[in-house]
Amino acid sequence: MSTTAPRKVVKKKKKKNWLARCLLCVVLLGASAFFVYNIVQEGVTTYSLQVDINEAKTQLAQLKKENGSLVDQKEKLEDENYVKNYARGEYMISKEGEQIFHLPSNYETEEKK
């Protein structure tokens, strides 16, 4: 009887060890899945932020270009001679005693043909 008793104890220990190993594997697998999920989420977040940064850079370049043209226009409008010439050409404002004749442009004459 003494030989069968140690075998039962060994089998019980093996069953307990097997259960502990399975539980440890499940816990490690769960932890690994959690970390992989977090890594994927970080990758998605990084990608969306890169897209936002590229859009912001494009918008910034466009706004800088617009700002440059507005600064140029502001400088031109501060020049009195430019304002006078612009008003005369665009709104047909004349000097005293001056007559203005409106001639059709080449584009207008080509349309009539």
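No experiment lies behind these values; they were computed from the predicted model shown.

Participant: Mind showing me how you'd approach helix α2 (residues 80-91) here?
Facilitator: Residue pairs three or four apart in sequence face the same way in an α-helix, which turns once every 3.6 residues. Between its first and last C-alpha atoms α2 spans 16 Å; for 12 residues at 1.5 Å apiece the expected length is 16 Å, and the two agree. Taken from the residues just after α2, Met92 is the one with a positive phi, measuring 50°.

Participant: Please clarify how the packing of aromatic side chains should be interpreted in this entry.
Facilitator: Overall, the coordinates contain three aromatic pairs when judged by the stated rule. Measuring from ring centre to ring centre gives 6.0 Å for Tyr82 and Tyr86, while their planes differ by 25°; the resulting arrangement is stacked. Placement of both Tyr82 and Tyr86 in helix α2 is noted, with a separation of four residues, approximately one turn of the helix. By relative accessible area, which is 31% here, Tyr82 ends up partly exposed. Measuring from ring centre to ring centre gives 6.3 Å for Tyr86 and Tyr91, while their planes differ by 75°; the resulting arrangement is edge-to-face. The class for Tyr91 is exposed, based on a relative accessible area of 58%. A connected cluster of aromatic rings, assembled from ring pairs, spans Tyr82, Tyr86 and Tyr91.

Participant: How should a nonpolar patch on the surface be read in this particular structure?
Facilitator: Taken together, the side chains of Leu77, Tyr82, Val83, Tyr86, Tyr91 and Ile93 present a nonpolar region at the surface, about 580 Å² in accessible area. Broken down by element, the residue count for the nonpolar patch peaks at four residues, all from α2. Looking at the element boundaries, Leu77 is found in helix α1 (residues 4-78). For Leu77, a relative accessible area of 46% puts it in the partly exposed group.

Participant: Sorry, what's going on with the state of the cysteines here?
Facilitator: Structurally, a disulfide amounts to a covalent bond that connects the sulfur atoms of two cysteines. Under the definition given, this model contains zero disulfides. In this structure Cys22 is not part of a disulfide, and its nearest cysteine sulfur, from Cys25, lies 6.4 Å away. Relative accessible area serves as the criterion here: at 30%, Cys22 is assigned to the partly exposed category.

Calculation rules
- Residues numbered from 1 in each chain as written.
- Predicted model: local features only at pLDDT ≥ 70, side-chain atom pairs only at ≥ 80, totals over all residues.
- Heavy atoms only, no water.
- Helix = DSSP H or I, 4+ residues; strand = E, 2+ residues; numbered from the N terminus.
- Expected span 1.5 Å × (residues − 1).
- Phe/Tyr/Trp six-rings, centres within 6.5 Å; stacked < 30°, edge-to-face > 60°.
- Buried < 20%, exposed > 50% of the residue type's maximum accessible area, 1.4 Å probe, protein only.
- Patch = residues over 30% accessible without salt bridge, like charges linked within 9 Å, V, L, I, M, F, W, Y side chains within 5 Å.
- Areas by Shrake-Rupley, 256 points an atom, 1.4 Å probe, with all protein chains shown as cover.
- Salt bridge = Lys/Arg side-chain N within 4 Å of Asp/Glu carboxyl O.
- Disulfide = S-S within 2.5 Å.

Nothing here speaks to function; it is geometry throughout.
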